[in-house]
Amino acid sequence: MNGLTLALCDGNAMPIDPDIQALLQGMAAANLPPLETLAPEAARAFERQLSAMGDFRPDIWQVSDLLIDGGEAALPARLYRAVERCRALVVFFHAGGWVIGDLDSADAQLRWLAARTDCAILSVAYRLAPEHRFPAAADDACAALSWAQAHTEQLAGGDVRLVVAGESAGANLAAVAAIAARDAGGPPLAAQILLYPVTDSSFDYASYRQCADGPLLTRKGMGWFWDLYAPDAAQRLDPRAAPLRTGSFAGLPPTLIQTAEFDPLRDEGEAYGLKLAEAGVDATVQRRAGLIHGYAGMIAAAPAAMQALQDVAVFLLEHSRD
């Protein structure tokens, strides 16, 4: 198909990466409660504890917190810059099923990525469900992308290219914002980067059956997230919730999609890449063998996860050249 680069393994072709397996064994020993058994605020506190446990925080030239105009609300954001004059501006949305997560969730990997690419990265804390249900997070993502485009020189030190990116539910928001930008005639995007994205609201994928019990992200866990974010079944068919259901994929920017071999979301992420390619979009889909959902947050412990992020850096460098 036009414009598609596939790097997929066939099914569960290898066991879980041993470094990831060691992390999972440590979590199992801690007897942690299943996410879906917690109230949202308790789940957020639990996620904050996990984020604070990591000691991998590369020093870079600038890390600064700010508030940006999200249209309906002021949104907390964090700017990462390794240099004064950056190559591009990346607007990033964190993982967490639209329910948990904050600016600290992806702090380590964004510091590393900013240092590796000399790109400015603006991480945006969108409003969370169930206090702010669909389409609040999607609206915030679109508003944040427009705001960033209007403040590129302030954020990146010059008039540079704009990229949108995210992890999991944040990748869902990045995809939704890219579609909205195309439909509105801007802001123009040089690329989008979607790490193990939520692209559909259907659980009728082989990966949901194969990875129903995880590791880490489970079928029940995804049901919990969807119930809190979009409890109305009709809302879940809206392309702003499930971008795989959009009417046209033509005109979207060059795209990198990474999926994890052991992840319920694997197949819908790869299906999104195929839809993009069928519409003539330059799409690269990489299934990361042996990895699990959320691997970008494991780069300090798992070389295979670090290699995946290095491939993100390569893609970003290729699409941020003058």
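Definitions and cut-offs
Residues numbered from 1 in each chain as written. Predicted model: local features only at pLDDT ≥ 70, side-chain atom pairs only at ≥ 80, totals over all residues. Heavy atoms only, no water. Helix = DSSP H or I, 4+ residues; strand = E, 2+ residues; numbered from the N terminus. Salt bridge = Lys/Arg side-chain N within 4 Å of Asp/Glu carboxyl O. Buried < 20%, exposed > 50% of the residue type's maximum accessible area, 1.4 Å probe, protein only. 1 Å grid on protein atoms, 1.4 Å probe; cavity = no way out; pocket = protein on both sides within 12 Å on 5 of 7 lines; lining within 4 Å. Points joined across faces, edges and corners; volume = space filled by probe spheres on them. Pairing = 2+ DSSP bridges. Right-handed = clockwise from strand over helix to strand, strands pointing away. Core = buried A, V, L, I, M, F, W, Y, C linked by side-chain atoms within 4.5 Å. Contact = heavy atoms within 4.5 Å.

A few words on unusual backbone geometry. Cis geometry is found at the peptide bond from Gly-186 to Pro-187, where omega equals 5 degrees. Examined against the element boundaries, Pro-187 turns out to sit in the loop between helix H6 (169-184) and strand E7 (191-195). Cis rather than trans, the peptide bond between Gly-214 and Pro-215 has omega equal to 15 degrees. Within the secondary structure, Pro-215 is located in the loop between helix H7 (206-210) and helix H8 (219-229). In this structure, Trp-98 is a non-glycine residue whose phi angle is positive, near 65 degrees. Note that Trp-98 resides in the loop between strand E4 (88-93) and helix H3 (107-117). Unlike most non-glycine residues, Leu-216 shows phi in positive territory, near 75 degrees.

Close approach of charged atoms allows side chains of opposite charge to pair. A full pass over the atoms with the stated rule returns 18 salt bridges. Here Asp-107 and Arg-111 are joined by a salt bridge, their closest N and O atoms 2.7 Å apart. Of this pair, Asp-107 and Arg-111 are both found in helix H3, four residues apart, which corresponds to roughly one turn of the helix. Both residues of the pair, Asp-107 and Arg-111, count as buried. Salt-bridge contacts for Asp-140 lead to Arg-127; the nearest nitrogen and oxygen are separated by 2.9 Å. Here Asp-140, found in helix H4 (residues 136-150), pairs with Arg-127, found in the loop between strand E5 (120-124) and H4; they are 13 residues apart in sequence, far enough to count as distant. Here Arg-127 falls in the buried class, since its relative accessible area comes to 14%. By sharing partners, the salt bridges in this structure join Arg-57, Asp-65, Arg-78, Asp-104, Asp-107 and Arg-111 into a single network.

The subject of this paragraph is empty space enclosed by the protein. As enumerated under the stated definition, the model contains one cavity of 30 Å³ or more in all. If you add up the space inside the largest cavity, you get close to 110 Å³. Together, 15 residues line the largest cavity, and Phe-92, Leu-110, Leu-113, Leu-195 and Val-312 are the ones closest to its centre. The set of elements that each furnish at least two residues to the lining of the largest cavity consists of E4, H3, strand E6 (161-167), E7 and helix H10 (303-318).

Time to look at the pairing of E7. Within E7, five of the five residues are buried, which leaves the element mostly enclosed by the surrounding structure. Neither face of E7 is left uncovered, since the one carrying Ala-191, Ile-193 and Leu-195 and the one carrying Gln-192 and Leu-194 both have all their residues buried. Sheet topology note: the E6/E7 ladder contains five bridges and is parallel. The residue of E7 that forms the bridge with Val-163 is Ala-191. Following the chain from E6 across H6 to the adjacent parallel E7, one finds a crossover that is right-handed.

We now examine the nonpolar core. The biggest cluster of nonpolar side chains holds 68 residues, and the ones touching the most others in it are Phe-93, Tyr-229 and Tyr-272. Sorting elements by how many residues they give to this core places H6 first, with ten residues. If near-sequence neighbours (up to four positions away) are discounted, Phe-93 is found in contact with Val-124, Tyr-126, Ala-141, Ala-144, Val-164, Ala-165, Gly-166, Glu-167, Gly-170, Ala-171, Leu-173 and Ala-174. Counting residues in each nonpolar core, the second largest holds 40 residues, with Leu-24, Ile-60, Val-90 and Ala-260 among its members.

Another aspect to go through is the pairing of strand E2 (residues 62-69). Pairing between E2 and strand E3 (residues 74-81): eight bridges, direction antiparallel. Bridge assignment links Ile-68 to a residue of E3, and that residue is Leu-75. Hairpin connection of E2 to E3: four residues between the antiparallel strands, including Gly-71 at a positive phi of 90 degrees.

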